[in-house]
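# Summary of the model geometry
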Amino acid sequence: MTVYGYLRVSTDRQDCANQKIGVENLARQRCLCIERWIVDDGVSGAKEPEKRKLGALLKKIRSGDVIICSELSRLGRKLFMVMSILEHCMKVGAKVLTVKDGYELGDNVQSK
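Note that the coordinates shown come from a computational prediction; the quantities given were computed from them, not determined experimentally.

This next bit is on the confidence of the model for the protein chain. On average, residues of the protein chain score 92 in pLDDT, and 95% of them reach the 70 mark or higher. Per-element confidence in the protein chain ranges from a low mean pLDDT of 90 for strand E5 (residues 104-105) to a high of 98 for strand E3 (residues 66-69).

It is worth spelling out the nonpolar core at this point. Counting 18 residues, the largest nonpolar core has Ile-61, Ile-67, Leu-75 and Cys-89 as the members making the most contacts within it. For this core, the secondary structure elements donating two or more residues are strand E1 (3-9), helix H2 (53-60), E3 and helix H3 (79-92). At 5 residues, the largest contribution of residues to this core is made by H3. Apart from residues no more than four positions distant in its own chain, Ile-61 is found in contact with Tyr-4, Ile-67, His-88, Cys-89, Val-92 and Ala-94. By size, the runner-up hydrophobic cluster in this structure holds 11 residues, among which are Leu-7, Val-9, Ile-34 and Ile-68.

Among the structural elements, Arg-62 can be located in the loop between H2 and E3. Separated by 27 residues in sequence, Arg-62 and Cys-89 have C-alpha atoms that sit 8.4 Å apart. Non-local contacts of Arg-62, meaning those with residues more than four positions away in its chain, are made with Val-92, Gly-93 and Ala-94. There is a polar contact of 3.4 Å between the side chain of Arg-62 and the backbone oxygen of Lys-59.

Rules and cut-offs
- Residues numbered from 1 in each chain as written.
- Predicted model: local features only at pLDDT ≥ 70, side-chain atom pairs only at ≥ 80, totals over all residues.
- Heavy atoms only, no water.
- pLDDT = per-residue confidence, 0-100.
- Helix = DSSP H or I, 4+ residues; strand = E, 2+ residues; numbered from the N terminus.
- Core = buried A, V, L, I, M, F, W, Y, C linked by side-chain atoms within 4.5 Å.
- Buried < 20%, exposed > 50% of the residue type's maximum accessible area, 1.4 Å probe, protein only.
- Contact = heavy atoms within 4.5 Å.
- Polar contact = N/O pair within 3.5 Å; in protein donor to acceptor, adjacent residues only side chain to side chain.

As structure tokens, then:
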């Protein structure tokens with residue numbers, strides 16, 4: 001199992017620091033240790049995942065892996081894009097946790 005912290009900001013004027021603090025806190029609460037950080041800095045969420053570092057992460061995740069991000073909107077700005085990303089994670093057996101939304105995609109009834 002690998003735990004990934006995913007951060008994304010849209011503009012150069014924004015900072016990932018607050019997102020990182022929240023992700024680290026959630027990981028600590030869940031007794032998880034973030035092993036790798038994936039940061040899309042200054043990248044629009046409307047851009048397809050394949051054109052962001054997120055795309056490479058999605059290709060590499062495996063069953064049992066965990067992605068923690070600050071909120072679902074960090075994965076993408078379009079509902080169908082976010083749903084597609086979550087569906088991919090579910091198919092490979094990876095979990096997604098979010099800080100602000102309190103969302104958990106995993107092997108539970110709510111996710112399915």
